[in-house]
Structures are given as C-alpha cells and as structure tokens.
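Coordinate inspection notes
Spelled out from the first residue to the last, the chains are:
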Amino acid sequence: MNIVAKIAGYGARDLLRSRWLLAYAGFFAIATFTLLRFSDGETRALLSLVNVVLLIVPLASVIFGTMYLYASREFVELLLAQPIRRGQLFAGLFAGLTMPTALAVVAGIMIPMLALGVSREGLAIGGWLAFVAAALSIAFTAIATAVAYFVEDRVRGLAVALGTWLLLAVVYDAGVLMAAVQLSDYPLERPLLAAMFANPIDLSRLLLLQQFDSAALLGYTGALFQRFLAGTAGALAAVGALAAWIVLPALAGVRLFQRKDF
Amino acid sequence: MIEVFGLTKRFGARTVLDGVSLHIRPGRVTAIVGPNSAGKTTLIKSILGLTRGDAGVIRLNGRDIDAEGRYRADIGYMPQIARFPENLSAADLFRMMRDLRDGTQRDEELLDSLRLREHLDKPLRVLSGGTRQKVNAALAFLFAPSLLILDEPTAGLDPVAAGVVKDKVIAERAKGRTFILTTHVMSDLEELADDIAFLVDGRIRFSGAVTMLKRMTRQLSLERAIARVMDGELAA
C-alpha cells in the first residue's frame, strides 16, 4: 500500500470511530426516515430531503472540516517530521477526512430508503441525491482545508469558514435575486445559468431539482435550465462544474499546505 | 552532523531567527536554551523542514536538507505538545508510524520502562496528558534514529518518567546517537548537555561545550554561568 492510502486509512479509522460522525449520519437517517414515512407522497418527501441536504451538508462539512484541521495541527506537525513528502501527506489527510464524512451522508440517506422500500423512481432520485450530497460534502471540506491552512488563528478561521457558508448559502442567492429583479427587462437566462454554476449549492440545487417533474414550476427560466441540463453536454458541464468545486479549493489547500510554516 | 549557516526566518515583520549559525556535533547532546520566544522551536522546526528559512543553509552530514524529506528517515522528533487523533489507540499510532517508515530497526524499550504497554489499546483521548507525553517520547525513540530532536522532553512528565527519559538519552548517547534538545529545566541541562547553544532574540549568544562556558564565566554551576550569559557579560 502506498503512503497516501495508509495515511488516509488511519485518518478514516479515527473519524469512523468518532461519535460526531455517528450523530451526523444518524441525523440524515432520521430525517430521511421521518420524511418518507410521514409526508404524503414520496416526491414531496424527497423534495424536502433535498432542501435539508442543501442546507445542512455544506454547513456541517465546512465547520467540521475546519475544526478537525485545526485540532489536528500538532499531529500534522509530527507527521511532517516523518520521511514523507508534503503533497502525499495532504492527499492522505484529505482523503481520510472527506471519505468518512461523505460516506456518513450517503449511508444516512440510502439506508432508510432501502429499508423502507421506496419506488424505483424514488430510489433513482435518492441515489442521485446521495451522489450530489457526497460531492457537496467533499467540496465544502476542500474549502475548509483552504481556510484552515490560510488563516493561522483558529477562531478567525472558524469565522471565515462560517462566513464562506453564509455567503454561498444565503447572501449569494439574495444578490442574484436582486440583480434579476433590477435587470428584469433584459434576457437573463444565460447570466443566471452562469451564476448558478458559480455557486456549488445553487449548482447542486439545479442538478437535483431537474430530477423532479415539478422543475417546470420554476417558470420559464427553470424550464430553460431543465432543457439545458437534459442534454448530455449540459449535464456533463454541470457535473464538471461541481467537480471543479472540489478540485479548485483542494488545489488551493495543497498549495497553501506545501508552502506553510508549521 | 548538522551545520546551520546564517539561518534567518521572519514571520511578517518579526524576525524570529536572525542569521543563526550553529554546529551540532555527532554523538553529543546539544541543548538549545534561551528565554521564551527566543526562536528555539523555530530553529528545531527549520532543521526538520517544518518551517523554511528566508535565508541560510542547513546541512545534514554535509548535504543540504531537501524538500523531499528523505533525510528525516534518520531523525526522531518529540514535539513539545503531544496531541494525537482522539479515537485511535496508542497501538494504532505506533502501527501508523511503522507503516510510514520502512526502517527495520525498532527500539521499544521505552514502552516497557515507561509502563506504556497497559495503555496501548485505549483510545488516546482517554489517556492523561502525562501518559500522552510518554507515548510521544516512545515514538521519538521507536526507530532508533541516529539524530533525536526533543522539544522540552521532560515538561509534563512526572519525576520518575522524566528520569527514565533522561537515562534513555544518556544510554543512547553512549551508543553514538546525537541529540538536540530544548529545555527550561536546569537539572536536565546539568545532567545531559555536552554542548550549549544560547539563543536570545533569534541570535546565538554563545555556543560551545558546557565545560568551556563554565570556564569562561568562571562559574561552577551551569545555572550561574547561564545567568551570566543572560546578563550579557559574554560575547559569543
């Protein structure tokens, strides 16, 4: 086994035994179970679950990732004193942190679905939801690495992490909405699509909602997006953009990590 | 063993190391002493490659230390603060380090002399601070490296454990291993140090053999000799 896999393996073992991760997976399991069991209609339950995922996964991933990275600072110093390269160490730490957290979300969503026995279409949407949730989880953990290795102070780092989430989850949409209202005389479909692509949460929402028939309810723009994403090129572009939201922050993280004075 | 030439390190506007030159001789214990925030830990971390200097050269056995970090295969490091992954056990931790290094030589003597074996399977989060510090010490010696860097090794250890670690240092020095350590504890210095490097505000105020320091300051005890250096009576 190579060094990266070994470091990732021990990191994952540490996290998989943590009570926090168990509670995190449990939260999604309970939410999925309750929604499927008690809302009227599978589609409605899944739509609610999409909203829960889009709210909780980015927040939990970025905050937990940042806290974990600051807490492991001293251990990382000890590992840096071993005969391994920094790039390998980063890759191992990153995989060891992202895999268990993403797995917790996927397990939390999929296990109740399989246990309750949802319809075939429901399972397809659920699987897609789990996939996007995992990607979103990894993307926000990647953002956490960039924050934690850029900001030296722990409290300020946590504030930056929280601020990033607030910006992407709340402020961004408000800004887009305001711009759309102000510029409503112009054709906005393309700029809006670009704006959705530039925010991982909006992009995930777009990818998830187009799975539902009700996406048409989003109006003319929604219908346009759906037509765009229904095409192979559009869908690939959207998944590629989500992948970019993992790769770019992780690249920023690894560069900062390689240059950092510990 | 190690030569440092003109090592300078700035953090923002603050100059932490200001042209430090130092020679660490093999088979001896070199103590780096000095007041708080004098740059001791930064100097150690520079040798380990954790911190990169803005200027200067560090050579290990005549070769510049490289970014790849292979030279660290022959160094054991005991950091000042021992914090490990909470849910791993000490046994996991030793296994992890073994997986990361492929050295065949193992030295598990401290596991017995520090009575760590009974704690090996507990999660590290339930171990006391002192026990974690013992794990930290045992890790540094585990691969029988020829250079050991110990950052305040006896801080946080009870007197018995501190004695065990000091005896280990003396025994390993007798086998020809080289030590760099920082400490604020005078008795550690008296017992262990062969050479002393005195660091104040990022500059070496004195470096050389303990016997020479005592002779130059005309003091019998190391503590008084160091006090004289601190007073600024001695130019390097």
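An account of the accompanying structure is given in this report. (Residues numbered from 1 in each chain as written. Chains lettered and ligands numbered in written order. Predicted model: local features only at pLDDT ≥ 70, side-chain atom pairs only at ≥ 80, totals over all residues.)

So, the nonpolar core
Formed by 141 residues in total, the largest nonpolar core has its most connected members in A:Leu129, A:Ala133, A:Ala139, B:Ala138 and B:Ile149. For this core, the element with the most residues is helix 6 (residues 120-150) of chain A, which contributes 18 residues. (Core = buried A, V, L, I, M, F, W, Y, C linked by C-beta atoms within 7 Å. Buried ≥ 20, exposed ≤ 12 C-beta atoms within 10 Å, placed from the backbone. Helix = DSSP H or I, 4+ residues; strand = E, 2+ residues; numbered from the N terminus.)

What to know about the interface of chain B and chain A
Think of interface size as the accessible area that goes away when the parts come together; that is how it is often given. Residue-level contacts link 24 residues of chain B with 20 residues of chain A. Element by element, the count of residues in the side of chain B that touches chain A is highest for helix 2 (residues 90-100) of chain B, at four residues. Of the residues in the side of chain B that touches chain A, the class split is eleven nonpolar, three polar and ten charged. (Contact = placed C-beta atoms within 7 Å. Nonpolar A, V, L, I, M, F, W, Y, C, P; charged D, E, K, R; others polar.)

Some points on the sheet that holds strand 9 (residues 195-200) of chain B
Residue and element names in this part refer to chain B. The strand order 6-7-8-3-9-10 describes an open sheet built from six strands, whose pairing is mixed. Both edges of this open sheet fall to strand 6 (75-78) and strand 10 (203-209), since each of them pairs with a single strand only. Across this sheet, the average inter-strand angle for adjacent strands is 15°, counted without regard to direction. Across four bridges, the pairing between strand 3 (residues 29-33) and strand 9 is parallel. If you follow Ile32 over to strand 9, its bridge partner there is Ala197. Packing of helix 4 (residues 129-141) onto the sheet brings it into contact with strand 6 and strand 7 (147-151), and relative to strand 6 it is tilted by some 170°. (Pairing = 2+ DSSP bridges. Axes fitted to C-alpha atoms, helices over the stretch in contact; angles between N-to-C directions.)

Quick notes on the pairing of strand 2 (residues 14-24) of chain B
Residues and elements named next belong to chain B. Of the pairings in the sheet, the one linking strand 1 (residues 2-11) to strand 2 comprises seven bridges and is antiparallel in character. Across the sheet, the residue bridging to Leu7 is Val20, located in strand 2. Adjacent in sequence and paired antiparallel, strand 1 and strand 2 are bridged by two residues, among which Gly12 carries a positive phi angle near 65°.

What about the packing of helix 3 (residues 42-71) of chain A against helix 7 (residues 154-182) of chain A?
All names here are of chain A. Running from N to C, helix 3 and helix 7 point in directions that differ by 165°, and their axes come no closer than 10 Å. As summarised for this structure, helix 3 and helix 7 are arranged roughly antiparallel, according to the angle between their axes. For the pair helix 3 and helix 7, the crossing hand works out as right-handed. The residues of helix 7 that touch helix 3, namely those facing Pro58, Leu59, Val62, Ile63, Thr66, Met67 and Tyr70, are Arg154, Gly157, Leu158, Ala161, Leu162, Thr164, Trp165, Leu168 and Ala169. Its residues assigned to classes, the contact of helix 3 with helix 7 shows twelve nonpolar, three polar and one charged. (Parallel < 35°, antiparallel > 145°, perpendicular 65-115°, else oblique. Left-handed = near helix turned anticlockwise from the far one by under 90°.)

Some remarks on the environment of B:Gly39
All names here are of chain B. Relative to the elements of secondary structure, Gly39 occurs in the loop between strand 3 and helix 1 (40-48). Put simply, Gly39 and Ile204 are 165 residues apart on the chain and 10.0 Å apart in space, counted from C-alpha to C-alpha. Look past the residues within four positions of Gly39 in its chain and what remains in contact with it is Val16, Leu17, Leu199 and Gly202.

Overview of the sheet that holds strand 4 (residues 55-60) of chain B
Here we have four strands laid out as an open sheet, ordered 2-1-4-5 (chain B), and antiparallel in their pairing. Each having just a single partner strand, strand 2 and strand 5 (63-64) of chain B make up the two edges of the open sheet.

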